[in-house]
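# Coordinate analysis (summary)
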Amino acid sequence: MVLTNDTPSQPIVAFDLTAYLRDRQQAVEAALERALPLLYPETIYESMRYSLLAGGKRLRPILCLASCELAGGTMEMAMPTACAMEMLHTMSLIHDDLPAMDNDDYRRGKLTNHKVYGDDIAILAGDGLLTYAFEHIADRTQGASGDRILQVIVKTARAVGAAGLVGGQVVDLLSEGKPDVDVATLNYIHTHKTGALLEASVVCGALLAGATETMLQHLGEYAKNIGLAFQIVDDILDITATSEQLGKTSGKDLQAQKVTYPSLWGIEKSREESKRLIRQAKAQLQDYGDAAQPLLALADFITARSY
Ligand SMILES: C=C(C)CCOP(=O)(O)OP(=O)(O)O
Ligand SMILES: [Mg+2]
Ligand SMILES: [Mg+2]
């Protein structure tokens, strides 16, 4: 996919997103493989690796690496944090798919973790990934000061805890089957269960590189907008895409009576809203010229994606 940068006041330069994603996905896969070797007791490491190394778009680590580079840092400096974001995302998926939550049998085209290893090991695999993510940031980050690493840990912990992802998942579950969920509640669910970790991924990359307050603010706004757009698109795809395309059972939101943007507004209006959010995200990066190309293209990828 070659996307042109259509933000006003930016030069029109083609950016090969397909090649970029392929390179970055490869780098992230290799780093994840190295980060989590198979140790004793093998069952838990096998279970953690089963989900962590099952593919996926690797969007969160790629965003983290890109924002670190935009802020003048290196890919190496951000790689442990980038890997941690994927560990946390994987933890959230393993737990989200459990029978006590969304009860899903497929993820990334494979049986879900609990279907292979059982609920007990799947819960522990999530716990293992959650804790290891923080160990990995603290233990493996090189080239950034202890102070910056601490800021990253605080930001990330907040993003996955009750003030972030956990809080969003709770309201998502409590809203199931309710016919009167309003847009404010829906926005809370989306910005917390999905947006918070995406935002942390973007902001932490830049924090490691010592970005200015202004840049952190721009990147935070960029990330909030793409985060909300991401979940709207996810809910559209749940209706319009096949299980094969998604690698998970489609049509689950309707079945579980989840309130979503498309259920409230219909597919067309939801699509328009996601596009508006992406335009708003890209507008945050207008001061950064060509250096922002990866993040601009990644924003477009969120609405263009089909899985
Ligand atoms: C947070 C949500 C909405 C779950 C899906 O995330 P992704 O679509 O990023 O899943 P993978 O690419 O990592 O499989
Ligand atoms: Mg869910
Ligand atoms: Mg789910």
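Just so it is clear, the model here is predicted, and its values are computed rather than measured.

The rules behind the values
Residues numbered from 1 in each chain as written. Chains lettered and ligands numbered in written order. Predicted model: local features only at pLDDT ≥ 70, side-chain atom pairs only at ≥ 80, totals over all residues. Heavy atoms only, no water. Donors = N, O, S within 2.8 Å, 3.2 Å for Na, K, Ca; no water. Buried < 20%, exposed > 50% of the residue type's maximum accessible area, 1.4 Å probe, protein only. Phe/Tyr/Trp six-rings, centres within 6.5 Å; stacked < 30°, edge-to-face > 60°. Lys NZ or Arg CZ within 6 Å of the ring centre and 35° of its normal. Patch = residues over 30% accessible without salt bridge, like charges linked within 9 Å, V, L, I, M, F, W, Y side chains within 5 Å. Areas by Shrake-Rupley, 256 points an atom, 1.4 Å probe, with all protein chains shown as cover. Salt bridge = Lys/Arg side-chain N within 4 Å of Asp/Glu carboxyl O. Helix = DSSP H or I, 4+ residues; strand = E, 2+ residues; numbered from the N terminus. Near = heavy atom within 4 Å. Polar contact = N/O pair within 3.5 Å; in protein donor to acceptor, adjacent residues only side chain to side chain. Axes fitted to C-alpha atoms, helices over the stretch in contact; angles between N-to-C directions. Parallel < 35°, antiparallel > 145°, perpendicular 65-115°, else oblique. Left-handed = near helix turned anticlockwise from the far one by under 90°. Contact = heavy atoms within 4.5 Å. Nonpolar A, V, L, I, M, F, W, Y, C, P; charged D, E, K, R; others polar. pLDDT = per-residue confidence, 0-100. Core = buried A, V, L, I, M, F, W, Y, C linked by side-chain atoms within 4.5 Å.

### Thoughts on the coordination of the magnesium ion (ligand 3)
- Protein-derived ligands of the magnesium ion (ligand 3) are Asp-96 (OD) and Asp-102 (OD), with the metal-ligand distances lying across 2.1 Å.
- A separation of 3.2 Å is found between the magnesium ion (ligand 3) and the magnesium ion (ligand 2), both of which receive a donor from Asp-96. In terms of burial, Asp-96 and Asp-102 fall into one category: buried.

### What about the packing of aromatic side chains?
- As enumerated under the stated definition, the model contains three aromatic pairs in all.
- Above the ring of Phe-230, the side-chain terminus of Arg-60 is found at 5.3 Å from the ring centroid.
- The positively charged end of Lys-269 is found above the aromatic ring belonging to Trp-265, 4.4 Å away from the centroid.

### Notes on a nonpolar patch on the surface
- A cluster of nonpolar side chains, Tyr-106, Leu-111 and Val-116, forms an exposed patch at the surface whose accessible area comes to about 250 Å².
- Take Leu-111: it is sitting in strand β4 (residues 110-111).
- On the basis of relative accessibility, which here comes to 36%, the residue Leu-111 falls in the partly exposed class.

### Quick look at the site of ligand 1
- Around ligand 1 sit Gly-56, Lys-57, Arg-60, His-89, Leu-93, Arg-108, Phe-230, Gln-231, Asp-234 and Arg-305, and that is every residue in its neighbourhood.
- Side-chain polar atom of Arg-60 to an oxygen atom of ligand 1: 2.7 Å apart, as the coordinates give it.
- Within the side chain of Arg-108, an N or O atom sits 2.6 Å from an oxygen atom of ligand 1.
- Within the residue set of the shell around ligand 1, elements represented by two or more residues are α4 (75-96) and α10 (213-240).

### A closer look at the packing of α10 against helix α15 (residues 293-304)
- Across the interface, α10 lies against α15 with an axial gap of 8 Å and an inter-helix angle of 20°. Classified by the angle between their axes, α10 and α15 sit roughly parallel to one another. In the packing of α10 onto α15, the handedness of the crossing is left-handed. Where α10 approaches α15, its residues Leu-219, Tyr-222, Ile-226, Ala-229, Phe-230 and Val-233 are matched on the opposing element by Leu-295, Leu-298, Ala-299, Ile-302 and Thr-303.
- Looking at the contact of α10 with α15 residue by residue, the classes come out as ten nonpolar, one polar and no charged.

### Describing the confidence of the model for the protein
- When pLDDT is averaged along the protein, the result is 95; 96% of the residues meet or exceed 70.
- Scored by ipTM, the complex comes to 0.93, with pTM at 0.95.

### Focus on the pattern of salt bridges
- Applying the stated criterion across every chain, the model contains 21 salt bridges.
- Measuring nitrogen to oxygen at the nearest pair gives 3.8 Å for the salt bridge that ties Asp-105 to Lys-115. With a gap of ten residues between them, Asp-105 in the loop between α4 and β3 (106-107) and Lys-115 in helix α5 (residues 113-117) connect regions that are remote in the sequence.
- In this structure, Lys-193 engages Asp-172 in a salt bridge whose closest nitrogen and oxygen atoms are separated by 2.8 Å. Placement of Lys-193 in helix α9 (residues 183-208) and of Asp-172 in helix α8 (residues 165-175) is noted, with a sequence separation of 21 residues between them.
- By relative accessible area, which is 21% here, Lys-193 ends up partly exposed.
- Assessed through its relative accessible area of 8%, Asp-172 is described here as buried.
- Through salt bridges with shared partners, a single ionic network connects Asp-102, Asp-172, Glu-176, Lys-193 and Lys-258.

### Here's the deal with the nonpolar core
- Counting residues in each nonpolar core, the largest one holds 89 residues, and the members touching the most others are Leu-63, Tyr-222, Leu-295 and Leu-298.
- Residues in contact with Leu-63, not counting those within four places in the same chain, are Leu-198, Ser-201, Val-202, Tyr-222, Ile-226, Leu-295 and Leu-298.

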